[in-house]
Amino acid sequence: MKPAAFDYQVPRTLDEALALLAGADRPAVPLAGGQSLVPLLNQRRVRPATVVDLNRVAGLAGIRVTADSVRVGAMTRLSDVEADPALTAALPVLAHTAGLVAHRQIRHRSTLGGSLCHADPAGQLPACVVALGARLTLHSTQGARTLDAEDFFQGPHLTARRPGELLTAVAIPRRPGFRHRFEEVSRRGSAGRPLVGVCLAVAVEGPVVVRARLAASGIADRPVRLREAERALVGQPPGTSLSGVLDAASAAADPPGDLHGSAAYRTDMLRTALRRAVTRLVPERNAA
Ligand SMILES: Cc1cc2nc3c(=O)[nH]c(=O)nc-3n(C[C@H](O)[C@H](O)[C@H](O)COP(=O)(O)OP(=O)(O)OC[C@H]3O[C@@H](n4cnc5c(N)ncnc54)[C@H](O)[C@@H]3O)c2cc1C
């Protein structure tokens, strides 16, 4: 199919882009890497009056690592997130998770901002930024605001982004002492769209976990923080007492059942992904 006719605008600055999005009488949509938007346009599931191409807007791409945070511009390609040496050193789980999305060719076009704004409940990166406690900055002609990643995702392909707003940057706090792991289960192995994924971050002091953050994809209409499972992890030696953690996680799951897998199967796969995440975080001698 071909898309319905639309006006195509290529702004060079953020102000120009925001003015185009704000000034539209009929819906205007931002275009980032186009890996999700272009198919939707071609299928006429999205019929905007205007497409605002962000690819030439100065200053929207780039990675900055400081002592406190990792900041990634919304237009940063996933291939750059995956390969950036400073980011990989500071927050390897983000680089690893970006590298799980789709295929290399797609990651050369896809952006972090597009992947978050597309808000696929099974997407790896939304769950990753929720677990990592990212803060998302949005700009409009009215100014800027910042949201917790957890508040950004509101349903399948639904976010807290208001009409006329652009996601401009994602800032992830660095948490010294935390160890991370992202695990997914995909029917087609790597590069297949995952059924479920989990992102786990734990801090260990002495023999026990003292803090844990855990989020999952593919088990609800949006990425979900699994707080009961986090609580079940705290106070335990990492990698042990797994059944309580898995039970708490599956109790929080409300997965859809579809042709890719029933709700019961997805819940089972959540347990599999989480078991792998917990056991692969810890030294071999503790692995369950
Ligand atoms: C073959 C294939 C396999 C895939 N596999 C996976 C996978 O395994 N996991 C996964 O999560 N995804 C997968 N995807 C989806 C794809 O990688 C992401 O959806 C894609 O990364 C979206 O990013 P993009 O930059 O291409 O955004 P676009 O397609 O350009 O935009 C996506 C949406 O976000 C909006 N948008 C984009 N940027 C902004 C911004 N800065 N501010 C506000 N709104 C914005 C657009 O208007 C649009 O609604 C796959 C896609 C393909 C084609």
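Residues numbered from 1 in each chain as written. Predicted model: local features only at pLDDT ≥ 70, side-chain atom pairs only at ≥ 80, totals over all residues. Heavy atoms only, no water.

Colleague: An account of the overall build of the chain is needed here, citing residue identities and associated values.
Modeller: On a plain count of helices and strands, the chain comes out with 12 helices and 14 strands. For 288 residues, the compact-globule estimate of 2.2 N^0.38 gives 19 Å, and the C-alpha radius of gyration of the chain, at 19 Å, lies within 12% of that figure. Over its C-alpha atoms, taken along the principal directions, the chain stretches across nearly 60 × 45 × 30 Å. Going through the 288 residues of the chain one by one, you find that 50% of them count as buried. Total accessible area on the chain stands at roughly 13200 Å², and carbon and sulfur atoms take up 49% of it. Of the charged side chains in the chain, 36 are positive and 25 negative; the average position of the first set lies 3 Å away from that of the second. (Helix = DSSP H or I, 4+ residues; strand = E, 2+ residues; numbered from the N terminus. Rg over C-alpha atoms; globule rule 2.2 N^0.38 Å. Buried < 20%, exposed > 50% of the residue type's maximum accessible area, 1.4 Å probe, protein only. Areas by Shrake-Rupley, 256 points an atom, 1.4 Å probe, with all protein chains shown as cover. Lys, Arg positive; Asp, Glu negative; His and termini not counted. Charge placed at Lys NZ, Arg CZ, Asp CG, Glu CD.)

Colleague: Tell me about the site of the ligand, residues and numbers included.
Modeller: As a structural note, the neighbourhood of the ligand is formed by 27 residues, with Pro 30, Ser 36, Thr 111, Ser 115 and Gln 124 the closest of them. One of the backbone nitrogen or oxygen atoms of Gly 34 is found 2.7 Å away from an oxygen atom of the ligand. The backbone of Leu 167 places a nitrogen or oxygen atom 2.9 Å from a nitrogen atom of the ligand. Against a free-state accessible area of 980 Å², the protein chains account for coverage of 86% of the ligand. Those elements giving two or more residues to the shell around the ligand turn out to be strand E2 (28-31), helix H7 (112-118) and strand E10 (166-173). Counting residues per element, the shell around the ligand draws most heavily on H7, at 4 residues. Its residues assigned to classes, the shell around the ligand comprises 13 nonpolar, 12 polar and 2 charged. (Near = heavy atom within 4 Å. Polar contact = N/O pair within 3.5 Å; in protein donor to acceptor, adjacent residues only side chain to side chain. Nonpolar A, V, L, I, M, F, W, Y, C, P; charged D, E, K, R; others polar.)

Colleague: Report on the packing of helix H11 (residues 242-252) against helix H12 (residues 263-281), specifying residues and quantitative values.
Modeller: Helices that pack against each other are described as a pair by the angle of their axes relative to one another and the distance between those axes. One can describe the packing of H11 onto H12 by two numbers: an axis separation of 10 Å at closest approach and a directional angle of 140°. It follows from the interaxial angle that H11 and H12 lie oblique. The crossing of H11 and H12 is right-handed. Across the interface between the two elements, Leu 242, Val 245, Leu 246, Asp 247, Ala 249 and Ser 250 of H11 pack against Thr 267, Leu 270, Arg 271, Leu 274, Arg 275, Val 278 and Thr 279 of H12. Looking at the contact of H11 with H12, its residues break down into 7 nonpolar, 3 polar and 3 charged. (Axes fitted to C-alpha atoms, helices over the stretch in contact; angles between N-to-C directions. Parallel < 35°, antiparallel > 145°, perpendicular 65-115°, else oblique. Left-handed = near helix turned anticlockwise from the far one by under 90°. Contact = heavy atoms within 4.5 Å.)

Colleague: Report on the confidence of the model for the chain, specifying residues and quantitative values.
Modeller: Chain-level statistics for the chain give a pLDDT mean of 92 and a share of 94% at 70 or above. For residues 283-288, every residue scores under 50 in pLDDT, and the model assigns this stretch 8 contacts once sequence neighbours within four places are set aside. (pLDDT = per-residue confidence, 0-100.)

Colleague: Go over the packing of aromatic side chains with me, naming the residues and quoting the values.
Modeller: How two aromatic rings sit relative to each other is set out by the distance from centre to centre and by the angle between their planes. This model, assessed by the stated rule, comprises 1 aromatic pair. Note on Phe 152 and Phe 153: the rings are 5.2 Å apart at their centroids and 85° apart in plane angle, and the pair reads as edge-to-face. The burial state of Phe 152 is the same as that of Phe 153; both residues are buried. Just above the ring of Phe 178 sits the side chain of Arg 175; from NZ or CZ to the centre is 6.0 Å. (Phe/Tyr/Trp six-rings, centres within 6.5 Å; stacked < 30°, edge-to-face > 60°. Lys NZ or Arg CZ within 6 Å of the ring centre and 35° of its normal.)

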